[in-house]
Amino acid sequence: MVGGVPGFAMEEELAPAIAARRLTRPAPPGFARLALPRHATLLKALYRLPQEEEDLKALLTVLIWYATEGHGNARNGGIVISSANREELERVKAAYERISDGKGYIHVGSKRDSAWRLYLGAEAVRVLAEHHCGKGAAQKRLPDFLFTLPRPYLEYAWEELLKTDGSRRLSREQAKGSEAYQRLYGEFKTISPILAAQVGVLLSLLGHDYSVYLYPRPGKAPAYRIRYVSGEGKPGGRHKRYTHRLFRRPAQGEWVYDIACEGLHNFVCGVGSVVCHNTNEPEYRKLQANEYMEALRDRTIKIDVPYILRVSDEVKIYQRDFSKVRAKHIAPHTLEMAATWAVLTRLEPPKRAGLTLMQKLKLYDGKLLPGWTEEAVRELMAEAKREGLEGISPRYIQDKISNVLVTSEEPCINPFMVMNELEEGLKHHSLISDEKTRERYKALLQEVKAEYAEIVKNEVQRAIAADEEALNRLFHNYIDHVKAYVLGEKVKNPYTGAPEPPNERLMRSIEERIEIPESRKDDFRREIMNYIGALALEGRQFTYKDNERLRRALELKLFDDQKDTIRLSALVSGVVDPETQAKIDVVKARLIRDHGYCEHCASGVLEFAASIFARGER
């Protein structure tokens, strides 16, 4: 529950600060606290279901009451929750104390009203509540994780909402409804449009119909009322009569635009008073051109839902479908490369000079590129109006991956198998109407293959250079010489004991691996020394893993030093002596251990990488 919440830390993250005596109170397993002195209140952060169901319900109680009746305490920290019902506040207080080692107290409140106040004084609960539920009455919301929980928790959340700004009070007319209607009825009021929408989604997930009313309030933010509705058991039974009338209507013409049609595959959902229907653009254009559908056109709002444009999100679609495949192993990056190609087909060519389509894809996926900020990426997205409305669908990718899994006789499928199947399928793709688009998609596949080659090279290089002891030796040697260079000192020769000037050749042999030019070497070395100093002030020791660029440079240097001894080129010629085979087996074992390869695909990747290195590519 504290993942991504600023300032929180759990047991393992607090260890360095406690060891340095900047913090004195650790967090036990499953709990978290703010990583700041004097903010030691513990909150339960891990909930194991179903064993800790009551604990999770306690958390939901605190967050829902904060979202509806609470606010941050600007004067003393923590949060304040108000209610005219002291018994309910006692229940919320008990829920808070169940998931925290902090205490709450209830006060009579101000003289201006009769409400009671529950004070939860820990700053940790304020940070957690504001992260999950927002702040300010008009911006409050339910926690996002609620909608991923099983149905019993959704029912519990609805009941809690009715105890806050909700009501089960029935009018005289409503009291004539059935017993089921009276049991399910409830209404909720709020001024937060986000919270109102979320309550509607919550009711939809529970399978309830509901209505939303907007109440303008002069000089104030409008209010929303969300109310459970049902025709069952009420005078007139409007739902039953309406459904009967709808299904009895004869269908005229080729297309039917009724809300629902018995026996047909119309995908329709009702969200409150709004009817949602999915379609594609040709069908929508045909509806717009139908002169007999003027009334429906006037009431239709078109919302474009583009394909996914983030590779990391696209991959999740395929992981959901293929992660449980047991008959064959799916090599690392197979799904990722398929997703990369799919997203590339949906992107518009960048208009910015010097920006490639692959770089644009990486920016959209949250990768950092020199000279690009988040604001610049948002502007880049805004330039492409129809991006994601065309291109290859996830369904096509899923079909082709399935084909490879079924037809391949190999024990493992790899990215090249899938990419070849994707290319073969383009010849018969029914939605590609012109040869120019087909050729563009084929060219994008070549870009994806080049990207995959880079990934494989990097992984093999890391596997070869994954000698922790050798990396540490090279790292400490480099740092000793950099320190002497920056401070204008000399380095003691470990063999002769004589002071010597810093080894410029050693330092440049590492820096050149990550393309640090001669003119920038001083800046890079000072940057490393400043980073070491900053960590020292925090009581931490600098390692090569703390700086991604330096780590990569050391790995490449060690790879270049060791690749000739391993002789991957022997794999290309097919002549491998026992000593070389033993070294290759070590690299293969690292690929299996660190990168998720199996015995079969690890061998294939090593042969592929060997052919790249044999061409002289680094």
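Above this note sits the structure.
The shown structure was predicted, so the numbers you read here are calculated from the model rather than taken from an experiment.

One pass over the structure, following the stated rule, counts 46 salt bridges. Among the ionic pairs, Arg-151 bridges to Glu-155, the shortest N-O distance being 2.8 Å. Taken together, the positions of Arg-151 and Glu-155, both in helix α5 (residues 151–164) and four residues apart, correspond to about one turn of that helix. Linking Glu-439 and Lys-442 is a salt bridge whose minimum nitrogen-to-oxygen distance equals 3.9 Å. With Glu-439 and Lys-442 both in helix α17 (residues 435–464) and three residues apart, this pair spans about one turn of that helix. Here Glu-439 falls in the partly exposed class, since its relative accessible area comes to 40%. The structure contains a network of salt bridges with shared partners spanning Glu-504, Arg-508, Glu-511, Glu-518, Lys-521 and Arg-525.

Here strand β1 (residues 8–10) runs beside strand β2 (residues 31–34); their pairing, made up of three bridges, is antiparallel. Looking at β2, one finds that Ala-9 is bridged to Arg-33. Note: β2 against strand β3 (residues 43–44), two bridges, orientation antiparallel. Within β3, the position partnered with Ala-32 by the bridge is Leu-43.

Take the sheet that holds β2 next. The three strands lie next to each other as β1-β2-β3, forming an open sheet whose pairing is antiparallel. Edge positions in the sheet fall to β1 and β3, since each has one partner strand and no second.

Tallied over the full model, the rule gives 11 aromatic pairs. Judged by centre distance (5.1 Å) and plane angle (15 degrees), the ring pair of Tyr-105 and Tyr-119 falls under stacked. Residue Tyr-105 is found in strand β6 (residues 104–107), and its partner Tyr-119 is found in strand β7 (residues 116–120); the two are separated by 14 residues along the sequence. Of the residues examined, Tyr-105 reaches a relative accessible area of 48% and is grouped as partly exposed.

Scoring rules and cut-offs
- Residues numbered from 1 in each chain as written.
- Predicted model: local features only at pLDDT ≥ 70, side-chain atom pairs only at ≥ 80, totals over all residues.
- Heavy atoms only, no water.
- Salt bridge = Lys/Arg side-chain N within 4 Å of Asp/Glu carboxyl O.
- Helix = DSSP H or I, 4+ residues; strand = E, 2+ residues; numbered from the N terminus.
- Buried < 20%, exposed > 50% of the residue type's maximum accessible area, 1.4 Å probe, protein only.
- Pairing = 2+ DSSP bridges.
- Phe/Tyr/Trp six-rings, centres within 6.5 Å; stacked < 30°, edge-to-face > 60°.

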